[in-house]
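Reading the structure
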Amino acid sequence: MPDHASATPPAASRPADGHTIARWCAREGWPVHPLSPAQKTPPANCADCKAHHAPATCPCRNAGRWCHGFHAATTAPGRIDAWWSAQPRFGVGVSCGPAELVVLDVDAHAAQVPERARLLPGIPIGPQVDLAGLATGFDTLALLAALRGEQDPAADETTLRVRTPSGGLHIWYRNPYPATRYRSSTGSSPRTALAWQVDVRSDNGYIVAPGVRTAAGDYVPVSAAREPAPLPAWLAAELKRTGHVPEAVSASQAPSGAPVRMPRSRPATKAAERLLEPLLAEVTACRTVREGASFTEKLNRAAYTAGGLVEGGHLSGADARSLLAETARTARPHQERRNFMVIESALSAGAQRPLHPRGSS
């Protein structure tokens, strides 16, 4: 049971230090992990973890280290005290899946508006709909809500909302359906997306905690709500419609007599590791060549292969994403969003062709 003696985020009135924010999040029951000082990305792994091994088999977590980003997230006060005492300037990330959170990350980036078919995946927008002025994720989210006859989540004063330094908004919701898991996604994904410029942060994703200060600015709560409200039923339905709910179901959810397809979560096989290692090494090598290294092509090839291995049952999806993201960050640390887009797209494409490498059991 969270201790609500201090039920208001430390950022409510003024920026607080990372340790205070981390302890507040832990009291709310949200596992936290460090972010690099003044950044919104996790700090580098230890020397041993710079090798491409899966987080599930890494000894660092049991040893109390913060390697592998959100995989290391914890609510343990002792570990939090040790981490932020060692580096007081650390920011705070919240691992959304274990925290039972679904966060809508609404972007306000200046970008070319895509064709109508990509604004709200799966929803045709006819020419009679006036899209004049549509420019950001705030507009597409409002359009989705209007089409469904629901309140715009960006204006939902019942839940915690956090303004980002870039002018975007994080809309925090609590997952009231523990048996249902939600995929993370980007609003530009060609396969799984809620709306253009609206990202989803849930399983295998993290969000910057309220009150964190980065070089770009502060993450500031807006309005009076300081806790996530339950995910509205209509948004839950939209997330399911747009592919954010994995096909696997629990035994309690499956109809009587129906076969249950459980999610693959086995550690990487040796054969899978042998197949991926040289591809990941090619991506890593791009860090010494800033231009003309074919970074995107090499990352795409590695992620496509990983997607086939995941679908073939030789690698878990969570480990695949973590390996690819950490490798990409090593080579191109300042384009995390683009890396994520490449990885998600290629994983989805690779999953259409399951891989069974030689020597796999």
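The structure we're discussing is the one just above.
Notes on the structure follow. As the structure is a prediction and not an experimental result, all values here were calculated from the model. (Residues numbered from 1 in each chain as written. Predicted model: local features only at pLDDT ≥ 70, side-chain atom pairs only at ≥ 80, totals over all residues. Heavy atoms only, no water.)

1. Quick look at helix H4 (residues 233-241)
Spelled out, the test is: Accessibility here uses a 1.4 Å probe with only protein chains present; expressed as a share of the type maximum, an area under 20% marks a residue as buried, one over 50% as exposed, and anything in between as partly exposed. The secondary structure listing takes helices from DSSP runs of H or I that are at least 4 residues long and strands from runs of E that are at least 2 residues long, numbered from the N terminus. Throughout, a residue-residue contact means that at least one pair of heavy atoms, one from each residue, lies within 4.5 Å.
Among the residues making up H4, those that are buried are Trp-234, Leu-235, Ala-236, Glu-238 and Leu-239. Against the buried residues of H4 lie strand E3 (101-106), helix H3 (137-148), strand E5 (169-174) and strand E6 (198-201).

2. Re the sheet that holds strand E1 (residues 32-35)
The test is simple: Any two strands with at least two DSSP bridges between them are considered paired. Axes here mean lines fitted to C-alpha atoms, for a helix over just the part in contact, with angles spanning 0 to 180 degrees between N-to-C directions.
Strand order in this open sheet of three strands is E1-E2-E7, and the pairing throughout is antiparallel. At either end of the open sheet lies a strand with only one pairing partner, and these are E1 and strand E7 (206-208). Going across the sheet, the axis of each strand differs from the next one's by a mean of 35 degrees, ignoring polarity. As paired strands, E1 and strand E2 (residues 91-95) are joined by four bridges and run antiparallel to one another. Opposite His-33, over in E2, you have Gly-93 as the bridge partner. Across the sheet, helix H2 (residues 77-86) touches E1 and E2, and the angle it forms with E1 is around 5 degrees.

3. Thoughts on the packing of aromatic side chains
Stated formally: Each Phe, Tyr or Trp ring, with Trp reduced to its six-membered ring, pairs with another whose centre is within 6.5 Å; inter-plane angles below 30 degrees give stacked pairs, above 60 give edge-to-face pairs, and intermediate values give tilted ones.
The final tally for this structure, using the stated rule, is five aromatic pairs. Arranged with centres 5.3 Å apart and planes meeting at 85 degrees, the rings of Trp-24 and Trp-30 form a pair that is edge-to-face. Summarising the burial analysis for this pair, Trp-24 and Trp-30 share the class buried. Each ring, one from Trp-84 and one from Phe-90, has its centre 6.4 Å from the other, and the planes form 80 degrees; the classification is edge-to-face. Residue Phe-90 is classed as buried on the basis of its relative accessible area, which comes to 5%. Here the aromatic cluster, defined as three or more aromatic residues joined through ring pairs, consists of Trp-66, Trp-83, Trp-84 and Phe-90.

4. Thoughts on the pairing of E5
The element E5 is largely enclosed, with a buried count of five among its six residues. In terms of strand pairing, strand E4 (residues 161-163) meets E5 through three bridges, oriented antiparallel. Across the sheet, the residue bridging to Val-162 is His-170, located in E5. Counted between consecutive antiparallel strands, the loop separating E4 from E5 contains five residues, among which Gly-167 sits at a positive phi close to 95 degrees.

5. Here we look at the environment of Leu-35
Along the chain, Leu-35 falls in strand E1. Leu-35 sits in the buried class, given a relative accessible area of 0%. With 55 residues separating them in the primary sequence, Leu-35 and Phe-90 have C-alpha atoms 5.5 Å apart. When neighbours within four sequence positions are excluded, Leu-35 is seen to be in contact with Lys-40, Thr-41, Pro-42, Pro-43, Phe-90, Gly-91, Val-92, Gly-93, Tyr-206 and Val-208.

6. Quick look at the pattern of salt bridges
As a reminder, the rule being used: When a carboxyl oxygen of Asp or Glu is within 4 Å of a side-chain nitrogen of Lys or Arg, the pair counts as a salt bridge.
Summed over the entire model, instances satisfying the criterion amount to nine salt bridges. Put simply, Arg-148 and Glu-238 hold a salt bridge, and the shortest N to O gap is 2.7 Å. Of this pair, Arg-148 sits in helix H3 while Glu-238 is found in helix H4, placing the two residues 90 residues apart along the sequence. For Arg-148, a relative accessible area of 36% translates into the label partly exposed. Classification of Glu-238 as buried rests on a relative accessible area of 5%. Glu-238 is the partner of Arg-241 in a salt bridge, and the nearest nitrogen-oxygen pair spans 2.7 Å. With a gap of three residues between them, Arg-241 and Glu-238 both fall in helix H4, about one helical turn apart. You can call Arg-241 partly exposed: its relative accessible area is 34%. Here the residues in one salt-bridge network are Glu-100, Arg-181 and Asp-203, joined through shared partners.

7. A word on the packing of helix H7 (residues 317-331) against helix H8 (residues 336-350)
Quick note on the threshold: Angles are sorted into four bins: roughly parallel if under 35 degrees, roughly antiparallel if over 145, roughly perpendicular if 65 to 115, and oblique for all others. For any helix crossing, the convention is left-handed if the near helix is rotated counterclockwise from the far helix by under a right angle, and right-handed if that rotation is clockwise. Residue classes follow a fixed rule: Ala, Val, Leu, Ile, Met, Phe, Trp, Tyr, Cys and Pro count as nonpolar, while Asp, Glu, Lys and Arg count as charged, and any other residue, Gly among them, counts as polar.
At a minimum axis separation of 10 Å, H7 and H8 run at an interaxial angle of 140 degrees. The angle between the axes of H7 and H8 places the two elements in the oblique class. For the element pair H7 and H8, the recorded crossing hand is right-handed. Across the interface between the two elements, Ala-320, Arg-321, Leu-324, Ala-325, Ala-328 and Arg-329 of H7 pack against Glu-336, Asn-339, Ile-343, Glu-344 and Leu-347 of H8. Class assignment of the residues belonging to the contact of H7 with H8 gives a composition of six nonpolar, one polar and four charged.

8. As for the side chain of Ser-189
Heads up, the condition is: In protein, a polar contact requires one atom able to donate a hydrogen and another able to accept it; more generally it is a pair of N or O atoms within 3.5 Å, and residues adjacent in sequence count only if both atoms are side-chain atoms.
Secondary-structure assignment places Ser-189 in the loop between E5 and E6. Taking relative accessible area as the criterion, Ser-189 reaches 15% and is therefore assigned buried. Polar contacts involving the side chain of Ser-189 include one to the main-chain amide nitrogen of Thr-192, which spans 3.2 Å.

9. Structural notes on unusual backbone geometry
The phi angle at His-68 is positive, at roughly 70 degrees, despite the residue not being glycine. Topologically, His-68 is positioned in the loop between E1 and H2. Positive phi values are uncommon outside glycine, yet Asn-204 reaches one of about 60 degrees. Relative to the elements of secondary structure, Asn-204 occurs in the loop between E6 and E7.

By themselves, these are just geometric observations and shouldn't be taken as functional.
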